[in-house]
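Read off the chains here:
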Amino acid sequence: MSISNITVFMPSVLTLIGIPGLQSVQCWIGIPFCAIYLIAMIGNSMLLIIIKSERSLHEPMYIFVAMLGVTDIALATTIMPKMLGIFWFHVPEIYFESCLLQMWLIHSFQGIESGILMAMALDRYVAICYPLRHRAIFTHQLVTQIGAMITLRAAILVAPCLVLIKCRLQFYHTTIISHCYCEHMAIVKLAAENVRINKIYGLFVAFAVAGFDLIFITLSYIQIFITVFRLPQKEARWKAFNTCIAHICVFLQFYFLAFFSFFTHRFGAHVPPYIHILFSSIYLLVPPFLNPLVYGAKTKQIRIHVVKMLCS
């Protein structure tokens, strides 16, 4: 492929313009984004403190909730400081290596969150379908191993995206990224070379992680619903189903936002760019904001300890 004379060779600094078309009101958009971030930090921190301090919550389900809280804090913190720097302080520049690092962290934490939701579905499946064996199967050692495997899977699968960009793409049409954070496709689209391999691998990672997890979660809940509806007493059915409500709410909002953002980004050619960017940002910030609220409202044990903490 021929390279034009206006291309840039291996830029050292990139420029994030924020939300294209809404630059004049970005300072106001930053206010609700900052509020969402602060609530997410406070909510998830409270969740972690409660789960750590209460021995009665040292069970697999709550340990996975704690993992989700840590992931949410890390994911939101990866993008929010730079985003507010663009919106409020007009600091759009970012080093190329820092941009790649942010991209790797964002997509790794997304993969970890998806994996934790899959692990929580597996926990609910064993707890409801094989209640007498749940404690023997889901030991603390197994929970730790699952957490490590989920983290390694996401980190290792996303890492080649960095290598493909760094090693394959040498020339760039521009150094301006029409986004408010470093996202894989937003960086790849800057290149003046053939990016087909980068796109294919990006799709492979998306379907290998989210696709596999979604299929596994769906199959788990099919088995859960079959088992629940076979229970003879209505009260027993409701009690068993009630333990899954919080996870179902978190799972639905995470994947609904993920697929909406994914399809509008790749197939919404007629959708204005600022809609793409807003929904991409909401997709990353809303789950950390909603998850502690959902678990605080829907999980009785956590709700009781939250009330105790607030009263004390």
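These numbers come from a predicted model, not from an experiment. (Residues numbered from 1 in each chain as written. Predicted model: local features only at pLDDT ≥ 70, side-chain atom pairs only at ≥ 80, totals over all residues. Heavy atoms only, no water.)

With that settled, the discussion passes to the nonpolar core. Judged by nonpolar contacts, the single largest core of 92 residues is most densely connected at Ile 165 and Ile 177. With residues near it in sequence (within four places) discarded, Ile 165 still touches Phe 96, Leu 100, Met 103, Tyr 172, His 184, Ile 187, Val 188 and Asn 198. (Core = buried A, V, L, I, M, F, W, Y, C linked by side-chain atoms within 4.5 Å. Buried < 20%, exposed > 50% of the residue type's maximum accessible area, 1.4 Å probe, protein only. Contact = heavy atoms within 4.5 Å.)

Further remarks concern the UniProt feature "transmembrane region" (unreviewed entry) in the protein chain. With numbering aligned to this structure, UniProt lists the feature "transmembrane region" (unreviewed entry) at residues 28-50, 62-89, 101-122, 142-165, 200-228, 240-262 and 274-295. For residues 101-122, the helix share is 100%, the strand share is 0%, and the end-to-end C-alpha distance is 31 Å. The span residues 142-165 carries 100% helix and 0% strand; its end-to-end C-alpha distance comes to 36 Å. (UniProt positions renumbered as here; feature names shortened; annotations may be inferred. Helix = DSSP H or I, 4+ residues; strand = E, 2+ residues; numbered from the N terminus.)

Moving on, we get to the side chain of Asp 213. Note on placement: Asp 213 falls in helix H7 (residues 196-230). Residue classification places Asp 213 among the buried positions, given a relative accessible area of 0%. Side-chain polar atoms of Asp 213 contact the side chain of Ser 114, separated by 2.6 Å. If we skip the residues at most four places from it in the chain, Asp 213 touches Ser 114, Gly 115, Met 118, Arg 153 and Tyr 255. (Polar contact = N/O pair within 3.5 Å; in protein donor to acceptor, adjacent residues only side chain to side chain.)

On inspection of all chains with the given rule, the structure shows 13 aromatic pairs. Ring centres of Phe 33 and Phe 87 lie 6.2 Å apart, and the angle between their planes is 55°; this geometry places the pair in the tilted category. Linking Phe 33 in helix H1 (residues 26-53) with Phe 87 in helix H2 (residues 60-89), this pair joins segments that are 54 residues apart in sequence. For the pair Phe 33 and Phe 87, a shared accessibility class is recorded, and that class is buried. A ring pair is formed by Tyr 221 and Phe 225, whose centres lie 5.9 Å apart and whose planes are at 45°; its orientation type is tilted. Of this pair, Tyr 221 and Phe 225 are both found in helix H7, four residues apart, which corresponds to roughly one turn of the helix. According to the relative accessible area criterion, Phe 225 is partly exposed, its value standing at 30%. Connected via pairs of aromatic rings, a cluster forms that spans Phe 251, Phe 254, Tyr 255 and Tyr 283. Across the ring face of Tyr 130, the terminal group of Arg 133 is positioned such that the distance to the ring centre comes to 5.8 Å. (Phe/Tyr/Trp six-rings, centres within 6.5 Å; stacked < 30°, edge-to-face > 60°. Lys NZ or Arg CZ within 6 Å of the ring centre and 35° of its normal.)

So, about H7. For an α-helix, the turn length of 3.6 residues means that residues three or four places apart are oriented alike. Along its 35 residues, H7 runs 50 Å from first to last C-alpha, staying within 8% of the 51 Å computed at 1.5 Å per residue. Restricting attention to buried positions, one finds in H7 the residues Asn 198, Tyr 201, Gly 202, Val 205, Val 209, Gly 211, Asp 213, Ile 217, Ser 220, Tyr 221, Ile 224 and Val 228. (Expected span 1.5 Å × (residues − 1).)

Now for the environment of Pro 232. Within the secondary structure layout, Pro 232 lies in the loop between H7 and helix H8 (234-242). Residues Pro 232 and Gly 202, spaced 30 residues apart in sequence, show a C-alpha to C-alpha distance of 47 Å.

Moving on, we come to the sheet that holds strand E3 (residues 93-95). If you trace the three strands from one edge of the open sheet to the other, you get E3-E2-E5, paired in mixed fashion. With partners counted over all chains shown, the strands left at the sheet margins are E3 and strand E5 (176-177), one partner each. With three bridges joining them, strand E2 (residues 13-16) and E3 adopt antiparallel strand pairing. Following the sheet pairing, Val 13 is matched in E3 by Tyr 95. Those strands touched by helix H3 (residues 96-129) are E2, E3 and E5, and its axis lies near 85° from that of E3. (Pairing = 2+ DSSP bridges. Axes fitted to C-alpha atoms, helices over the stretch in contact; angles between N-to-C directions.)

This next bit is on the pattern of salt bridges. Inspection of the entire model under this criterion finds three salt bridges. A salt bridge links Lys 166 to Glu 97; the nearest nitrogen and oxygen atoms lie 2.8 Å apart. Here Lys 166 is found in helix H5 (residues 140-168), whereas its partner Glu 97 is found in helix H3, with 69 residues between them in sequence. (Salt bridge = Lys/Arg side-chain N within 4 Å of Asp/Glu carboxyl O.)

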